[in-house]
Amino acid sequence: MAETINPAQTASFMDEVVAATPGDPHLDRCLQCGTCGGSCPSGPDMDHTPRQLFAMIAAGMKEEVLRSNAPWYCVSCYYCVARCPQEVHITDLMYTLKQLAIKEGLYRESGISNAPGFSQTFIDFVENYGRSFELGLAAKYALRYQPLNAVRMAPMGLGLLRRGRMAIIPKRIKGIDQLKAILARAKALGGTA
Amino acid sequence: MRYGYYPGCSLERNAIAYHQSAVAVAPQLGIELNEIDDWNCCGATEYSSIDLIPAYALIARNLALAEQQQDENGGQLVAPCSACFLNLSKADHYMAEAPDLAEKVNDALSAGGLHYDPGSIQVRHLLDVIVNDVGYDAIKAKVSKPLSGLRVAPYYGCLIVRPGYQAFDDPEYPTSLDKLMRVLGAEVVDYPLKTHCCGGHMTQISRPTALELIRRLLKNAADYEADAIVTVCPMCQLNLDAFQADVNRFFGTDFHIPVLYFTQLIGVALNISPVELGFGKEFVDARPALDKIGTGSPPTGRRRRSREKGLPMPTMSEEG
Amino acid sequence: MSEERVGVYICHCGTNIAGTVDVEDVARWAGEQPHVVVARDYKFMCSSLGQELIEKDIKEFGLTRVVVASCSPHMHEKTFRGACERAGLNPFLFEMANIREQDSWATNDRKAATQKAKALVKAAIERVIHHEPLDPLQVEINSSTLIVGGGIAGITAALELANAGYHVYLVEREPSIGGHMAQLDKTFPTLDCSACILTPKMVEVDQHPNITLLSYSEVEKVEGHLGDFTVTVRKKARHVIEDLCTGCGECERRCPKRVIDNSFEAGLGFRKAIYRPFPQAVPKYPVIDTDNCLWFQIGKCRVCERFCPTGAIDYEQQDELLEIKVGNIILATGYKLFDPRRIPQYGYGRLANVFTSLEFERMVNAAGPTGGRIVLRDGETEPKSVAIIHCVGSRDRNYNEYCSKVCCMYSLKFAHLVHERLPEAEVYNFYIDIRTPGKGYEEFYHRLLEEGTHFIRGRVAEVTDAARQPGEEGKLIVQVEDTLIGKQRRIPVDMVILSAGLEAQPDAREVAQKFGLGCDANGFFVERHPKLDPVATMTDGVFIAGTCQGPRDIPDTVAQGAAAAARIASLISQRVVQMEPVRAHIDEDLCSGCRICNDLCPYNAIVYHEDRQVSEVITALCQGCGACVAACPSGAITEAHFTDEQIMSEIEGILWDVRPQGAHEAALA
Ligand SMILES: Cc1cc2nc3c(=O)[nH]c(=O)nc-3n(C[C@H](O)[C@H](O)[C@H](O)COP(=O)(O)OP(=O)(O)OC[C@H]3O[C@@H](n4cnc5c(N)ncnc54)[C@H](O)[C@@H]3O)c2cc1C
Ligand code: SF4
Ligand code: SF4
């Protein structure tokens, strides 16, 4: 499947990624040294290293980039950012790619499709209670996305409960209506920075 | 010294021991922690993956509340959780750097009658406050039960030192926790993986990946014969402690390394009772490690390998 | 003044100016200004045709003043003054307006640029009308030269000048000359032995009748100007009487105090408290390192004194201050190696078998601490695998953004040396890009490919001893993304060499200030022009050579050393040079004798005459800085070529379109 890349569309995807990232992520500076991919604790699991993703972004390979599992494997350790010789905001860009993948519906093909589910379940609780809720999170997420894991995780959950390290009912903040109003407005304002 | 206090969701439950020990040692160190009224979750590492502006608005509500309540806390907000520390300082950083982002976030906040001026709150990690505001000398003066005999691996993890929006130590080779432990009388292992990643939420996403990350940290601490790992973050503690049994099962290893909060060890050295410090809630029993305390003589100065033979080794600048 | 006849020339500078400024409009407009008799635009005013244009107009139109609007006066003021002079016009009746650097290059807005060009031209016209004919000052050039820094750059320059018959003072702050080159083993790409090609030159410096070598010395103070500098040099106490010492080395052998040698041996070896950095040191006299000498520290020992056969040890010796007079100066202060402790993830200082490149140079050197054997820190074990990491501290915004230029080549050299000494060992070079521009350099790279070096394209993420998988125990693991296959790799090795970059000397800024130079953002000395004048500086009579100006290898350094010497030789052979007659003058009738100016003058050029109660500027000492002019409360001091009238007219000129009746209003309407 030989396919040449049309240079005309390359700039626009790069611009889209940069626009959706807070501040200036210096994506255009990447000199392809591989410090990020070399530093990444999840590097061995990624189908493309962060460096490769940046080359692909520069080449306008939007779909391939948004289908990559790499952003979902990012553990947000910021090693790449601390070490990048060009001060590229790699971790921020990983967040951006996750957002765009969800927006475009491409994350399902990343082979690690449960990750957005975890994030979504997490924030569902936060949006409704103002606090995260581990038990609910574990139960809801595991049952919906990882039924097998749920069984495996059960003893640990019990362990947490027994040690008083897990609440049985979620805690709701007083200003939950205020928070909901804020988040509703934020969502209406749209995604780019 | 008064500070706004943002415990974060973890400290309410799974890291309750962190909260208890922080609250127990703070007054003894002259720190007054005023919990921000009605704070909300910072979104951990999850919200930014979904939607940018709501993620920032969620964090900024806390900053706005802290700004409102700053008469009690002098514009300083202390977070004991590294992820909260990162999120709060990140939101402040980018709102200052990107005015259009600040404008949108404030637009959202205004729907709840709130506003935040970037730069008006200084976000600090609890470790930063303890080592820099209280200071090693003051802590040393208060130690009544030195941790001599206890070998600890100081584990910083990622977000307390990287990317460093509110940097107070080196992103690759921090030393503040090492020094603190030494001041408490413990023997400190030069732990090469001290800023490597515990995997964060990866246990929920890809178990093999996560367990491997945890295994490396445990193995390295075991290789160095550490009696305990000291942490500064609830997520690190949870991963290393609660998943230790899983790691052993998955890899056929046999690690038994208790994972403690640094505030717990400060408490021990200040002779506060273990119950007050939240001991007993850990998965890997801390008692064998705690039993070692007092068995060794306090280390005299730093260990220096003297090399009679061979080539001279480059010297490092003294870390005090 | 009313009869002045001005010619105005607007240069296109190809499209450099004409691309942004409407040069034809400016010329047309200039022609309409009072006093202007001819105004033209021309493609390249600096060309010989452009200059001839000026000369012809001066003669034909009887011009009495000339204005050229083009580039910076740094570039071509001399050129156009020359044209005026050839046509019989005093060169100081010329003025230059910079409409390139200060205008066309600074904006893309054609309308604004054209407007600004007019303002600058108007200012020049208004100013030039008030110019007075001046005669340049004649300065005699002292034929002696001061060279600071005795690395290969300084050595080369010193020998060139000395061989031309001129005297040189070579000031080196270490006990011996030689610089970094003396530490190296082989030099790329030809692999000749560094000492073999350097030592003869060092000896030549030592023996040359025209060279005064001041080692273990530093410059304290510099006064004066091109042709006539007065320099104060501190000759640090060696505690060895040079006239008596034969350099036999008995003191060194007997001294009981061993110290790690962080300087010449790069920390890999030892020296004594009384020492010569290396056996071929020039000069041959040792020095006592008083920070480590037992006699100086605890008041016991005096062993060297006891054993010196000629009684050359002198514990009481004091620093000496020497005053020398020179006409020119060359700075050749070299570089410092980047300290890789600043990159903790590479483990230097923590992991024993991580070495710096300079340590490795000492290690492979037959005269070095291991006698040339490549071994681990234990001093015995030969490594079976060696990793060489490029770009340590270079090409990295966290440290130095620039490329250090020599590390790729010396890393290739290291790989070759390991293959040569340890044929069984595996060698890995980790690089971002292999940079080998230079004669025979790319070929050297190809040779290494054939020698079986593993080249892995990727900047190393970290070096660790934390074993993770089988095969890693007891090794140093180099973690990297192999970018050519897009996979993270962990490569276990026995030894790691960090190819650290070249940095400016830590005291470069102080030195620059002492000699009136500028430093760039990285601390390297700034040259007068990066392409056309790389060894001169903005200060007349002060030149730079070698790595103090930027990272470079030995061939380039030598070329610069020789170039700086040639520049000075040509100045000396002119015997006298002309200097801008920009000097202050005190009108005795106006001087109130308040003496405010006396202490202000940084060059002590003002004397006070008690009898007449007036101050006077000694023209020969005045540098034309203008400090006194601004300070004089009586307005008694004027400076040639910068009179109040000239400056005020220039300001009036530049504001021509913002005065109520000016064209500014018209432009706004
Ligand atoms: C590991 C390594 C290997 C290299 N291998 C090669 C190679 O194989 N081939 C090659 O071509 N290049 C090589 N180079 C580059 C080479 O070292 C430089 O190009 C060369 O040494 C520069 O010479 P220099 O005279 O400019 O500076 P230096 O050698 O640094 O000399 C400067 C001198 O000035 C003195 N000095 C400094 N400040 C003062 C002061 N204020 N007052 C008085 N004296 C002062 C210093 O003591 C020193 O003696 C290598 C570099 C490194 C780091
Ligand atoms: S570390 Fe930075 S410069 Fe290097 S490949 Fe990654 S993003 Fe690009
Ligand atoms: S922040 Fe993400 S991409 Fe960067 S090194 Fe860590 S896990 Fe990898």
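Residues numbered from 1 in each chain as written. Chains lettered and ligands numbered in written order. Predicted model: local features only at pLDDT ≥ 70, side-chain atom pairs only at ≥ 80, totals over all residues. Heavy atoms only, no water.

## A closer look at the side chain of Arg490(C)
All names here are of chain C.
1) Next: Note on placement: arginine 490 falls in strand β26 (residues 487–493).
2) Next: Its relative accessible area of 14% is what places arginine 490 among the buried residues.
3) Next: Here the side chain of arginine 490 touches alanine 466 through a polar contact of 3.3 Å, landing on its backbone oxygen.
4) Next: Within the local environment of arginine 490, its side chain forms a polar contact with the side chain of glutamine 479, the two groups lying 2.7 Å apart.
5) Next: Beyond its immediate stretch of four places on either side in the chain, arginine 490 contacts Thr464, Ala466, Arg468, Gln469, Glu472, Ile477, Val478 and Gln479. (Helix = DSSP H or I, 4+ residues; strand = E, 2+ residues; numbered from the N terminus. Buried < 20%, exposed > 50% of the residue type's maximum accessible area, 1.4 Å probe, protein only. Polar contact = N/O pair within 3.5 Å; in protein donor to acceptor, adjacent residues only side chain to side chain. Contact = heavy atoms within 4.5 Å.)

## Quick look at the domain arrangement of chain C
All names here are of chain C.
1) Next: Considered domain by domain, chain C is made up of domain 1 (6–134), domain 2 (144–233 + 323–334 + 507–579), domain 3 (250–307), domain 4 (336–503) and domain 5 (584–640).
2) Next: The straight-line distance from the C-alpha centre of domain 2 to that of domain 3 is 28 Å.
3) Next: On the domain 3 side, the residues contacting the 14 residues of domain 2 number 12 residues.
4) Next: For the pair domain 2 and domain 3, the two sides together bury roughly 1,000 Å², of which 66% comes from carbon and sulfur.
5) Next: Together, Pro175, Ser176 and Gln183 form the three largest contributors to the area buried by domain 2 at its contact with domain 3, with a combined 43%.
6) Next: Of the residues in the side of domain 2 that touches domain 3, the class split is eight nonpolar, four polar and two charged. (Domains from an automatic or database assignment. Buried area = accessible area lost by both parts, 1.4 Å probe. Nonpolar A, V, L, I, M, F, W, Y, C, P; charged D, E, K, R; others polar.)

## Quick look at the site of ligand 1
Residues and elements named next belong to chain C.
1) Next: Taken together, 35 residues surround ligand 1, and among them Glu172, His180, Lys413, Thr547 and Arg552 come closest.
2) Next: A distance of 2.6 Å is found between an oxygen atom of ligand 1 and a side-chain nitrogen or oxygen belonging to glutamate 172.
3) Next: Within the side chain of threonine 547, an N or O atom sits 2.7 Å from an oxygen atom of ligand 1.
4) Next: Expressed as a share of its isolated accessible area of 1,000 Å², the protein-covered part of ligand 1 is 97%.
5) Next: No other element matches helix α14 (residues 554–574), which puts three residues into the shell around ligand 1.
6) Next: Each of domain 2 (144–233 + 323–334 + 507–579) and domain 4 (336–503) gives at least three residues to the shell around ligand 1. (Near = heavy atom within 4 Å. Areas by Shrake-Rupley, 256 points an atom, 1.4 Å probe, with all protein chains shown as cover.)

## Overview of the domain arrangement of chain A
1) Next: Along its sequence, chain A is carved into domain 1 (13–112) and domain 2 (113–193).
2) Next: The straight-line distance from the C-alpha centre of domain 1 of chain A to that of domain 2 of chain A is 26 Å.

## Here we look at helix α13 (residues 262–269) of chain B
Residues and elements named next belong to chain B.
1) Next: For α13, the buried fraction is high: eight of the eight residues fall into the buried class.
2) Next: Of all the residues in α13, the buried ones are Phe262, Thr263, Gln264, Leu265, Ile266, Gly267, Val268 and Ala269.
3) Next: Looking one or two residues beyond α13, the residue adopting positive phi is asparagine 271, at roughly 65 degrees.

## Looking at the interface of chain B and chain C
1) Next: In this complex, chain B contributes 23 residues to the contact, which on the side of chain C involves 30 residues.
2) Next: Between chain B and chain C lies a buried interface of about 2,100 Å² when both sides are counted; carbon and sulfur atoms form 56% of it.
3) Next: Put simply, chain B and chain C have one salt bridge between them.
4) Next: As a salt-bridge pair, Glu473(C) and Lys219(B) come within 3.3 Å of each other at their nearest N and O atoms.
5) Next: Taken together, chain B and chain C are joined by nine residue pairs in polar contact (both at pLDDT 80 or more).
6) Next: Across the side of chain B that touches chain C, the residue classes break down as nine nonpolar, four polar and 10 charged. (Salt bridge = Lys/Arg side-chain N within 4 Å of Asp/Glu carboxyl O.)

## Remarks on the site of ligand 3
1) Next: Close to ligand 3 lie Cys40(A), Pro41(A), Cys74(A), Val75(A), Ser76(A), Cys77(A), Tyr78(A), Cys80(A) and Thr91(A), which account for all nearby residues.
2) Next: Considering only residue class, the shell around ligand 3 consists of seven nonpolar, two polar and no charged.

## A closer look at empty space enclosed by the protein
With a probe scaled to a water molecule rolled over the atoms, the places where space remains empty come into view.
1) Next: This model, assessed by the stated rule, comprises 13 cavities of 30 Å³ or more.
2) Next: Lining the largest cavity are 16 residues; nearest its centre among them are Pro192(B), His196(B), Gln345(C), Arg350(C) and Val463(C).
3) Next: Put simply, the parts of the chain that give the lining of the largest cavity at least two residues each are α6 (79–83) of chain A together with β24 (462–464) of chain C.
4) Next: Per-element accounting of the lining of the largest cavity gives the leading share, three residues, to β24(C).
5) Next: Among the residues making up the lining of the largest cavity, the classes are represented as seven nonpolar, four polar and five charged. (1 Å grid on protein atoms, 1.4 Å probe; cavity = no way out; pocket = protein on both sides within 12 Å on 5 of 7 lines; lining within 4 Å. Points joined across faces, edges and corners; volume = space filled by probe spheres on them.)

## Quick word on the packing of aromatic side chains
1) Next: Under the criterion given, the structure shown has 20 aromatic pairs over all chains.
2) Next: With 5.0 Å between their ring centres and 75 degrees between their planes, Phe250(B) and Phe251(B) make a pair best called edge-to-face.
3) Next: Looking at Phe250(B), the relative accessible area reads 43%, which means it is partly exposed.
4) Next: Geometrically, the ring pair formed by Tyr428(C) and Phe430(C) is stacked, given 6.3 Å between the ring centres and 25 degrees between the ring planes.
5) Next: For Tyr428(C), a relative accessible area of 15% translates into the label buried.
6) Next: Taking relative accessible area as the criterion, Phe430(C) reaches 1% and is therefore assigned buried.
7) Next: Among the aromatic residues, those joined into a ring-pair cluster are Tyr18(B), Tyr261(B) and Phe262(B).
8) Next: Above the face of the Phe251(B) ring, Arg215(B) is positioned so that its terminal group lies 5.4 Å from the ring centre.
9) Next: Over the face of the ring belonging to Tyr173(B) we find Arg350(C), whose NZ or CZ atom lies 4.0 Å from the ring centre. (Phe/Tyr/Trp six-rings, centres within 6.5 Å; stacked < 30°, edge-to-face > 60°. Lys NZ or Arg CZ within 6 Å of the ring centre and 35° of its normal.)

## Let's talk about the state of the cysteines
Each disulfide consists of a covalent bond between the sulfur atoms of two cysteine residues.
All names here are of chain C.
1) Next: Inspection of every chain in the model, using the stated rule, returns one disulfide over all chains.
2) Next: Across the disulfide, cysteine 193 is cross-linked to cysteine 196 (sulfur-sulfur distance 2.2 Å). As the torsion about the S-S bond is roughly 90 degrees, the cysteine 193-cysteine 196 disulfide counts as right-handed.
3) Next: Free cysteine: cysteine 308, not disulfide-bonded; nearest cysteine sulfur from cysteine 248 at 6.2 Å.
4) Next: For cysteine 308, a relative accessible area of 15% gives the class buried.
5) Next: Not part of a disulfide, cysteine 625 finds its nearest cysteine sulfur in cysteine 601, a span of 6.1 Å.
6) Next: Accessibility expressed as a relative area gives 48% for cysteine 625, which makes it partly exposed. (Disulfide = S-S within 2.5 Å.)

## As for the interface of chain B and chain A
1) Next: Of the residues lining the interface, 71 residues belong to chain B; the matching set on chain A comes to 69 residues.
2) Next: Together chain B and chain A conceal approximately 6,100 Å² of surface at their shared face, both sides included; 59% is due to carbon and sulfur atoms.
3) Next: Summed over the three residues of chain B that lose the most area to chain A, namely Ile50(B), Gln204(B) and Ile205(B), the buried surface amounts to 11% of that side.
4) Next: Taken together, chain B and chain A are joined by six salt bridges.

## Quick word on unusual backbone geometry
1) Next: Arg162(B) connects to Pro163(B) through a cis peptide bond whose omega is -5 degrees.
2) Next: Along the chain, Pro163(B) turns up in the loop between β5 (151–154) and α8 (176–183).
3) Next: The backbone of Arg302(C) sits at a positive phi, close to 55 degrees, despite the residue not being glycine.
4) Next: Of note, Arg302(C) is situated in the loop between α8 (294–298) and α9 (303–307).
5) Next: Accessibility expressed as a relative area gives 27% for Arg302(C), which makes it partly exposed.
6) Next: At Arg395(C), a position not held by glycine, the phi torsion is positive, near 50 degrees.

## Here's the deal with the pattern of salt bridges
Residue and element names in this part refer to chain A.
1) Next: For the structure shown, the criterion picks out 70 salt bridges over all chains.
2) Next: Among the salt bridges present, the one from glutamate 104 reaches lysine 62, with a minimum N-O distance of 3.4 Å. Linking glutamate 104 in the loop between α7 (90–103) and α8 (114–129) with lysine 62 in helix α4 (residues 62–67), this pair joins segments that are 42 residues apart in sequence.
3) Next: A relative accessible area of 36% means that glutamate 104 is categorised as partly exposed.
4) Next: Exposure remark for lysine 62: the relative accessible area of 24% places this residue in the partly exposed category.

## Brief notes about the pairing of strand β1 (residues 6–11) of chain C
Residues and elements named next belong to chain C.
1) Next: The buried count for β1 comes to six of six residues, which makes it a mostly enclosed element.
2) Next: Pairing geometry for β1 and strand β3 (residues 65–70), over five bridges, is parallel. Counterpart to valine 6 in the pairing with β3 is arginine 65.
3) Next: Across six bridges, β1 lies against strand β2 (residues 36–42) in parallel orientation. Each bridged residue has a counterpart across the sheet, and for tyrosine 9 the counterpart in β2 is arginine 40. (Pairing = 2+ DSSP bridges.)

## Things to note about the nonpolar core
1) Next: Residues Leu127(B), Leu180(B), Met181(B), Phe262(B) and Leu265(B) are the most contacted members of the largest nonpolar core, which totals 157 residues.
2) Next: Examining the composition of this core, we find that 12 residues originate from one element, helix α4 (residues 52–68) of chain B, more than from any other.
3) Next: Not counting chain neighbours up to four residues away, the residues in contact with Met181(B) comprise Val152(B), Ala186(B), Val188(B), Val230(B), Phe262(B) and Leu265(B).
4) Next: The next biggest cluster of nonpolar side chains, apart from the first, holds 43 residues, and it includes Cys11(C), Val23(C), Ile54(C) and Phe80(C). (Core = buried A, V, L, I, M, F, W, Y, C linked by side-chain atoms within 4.5 Å.)

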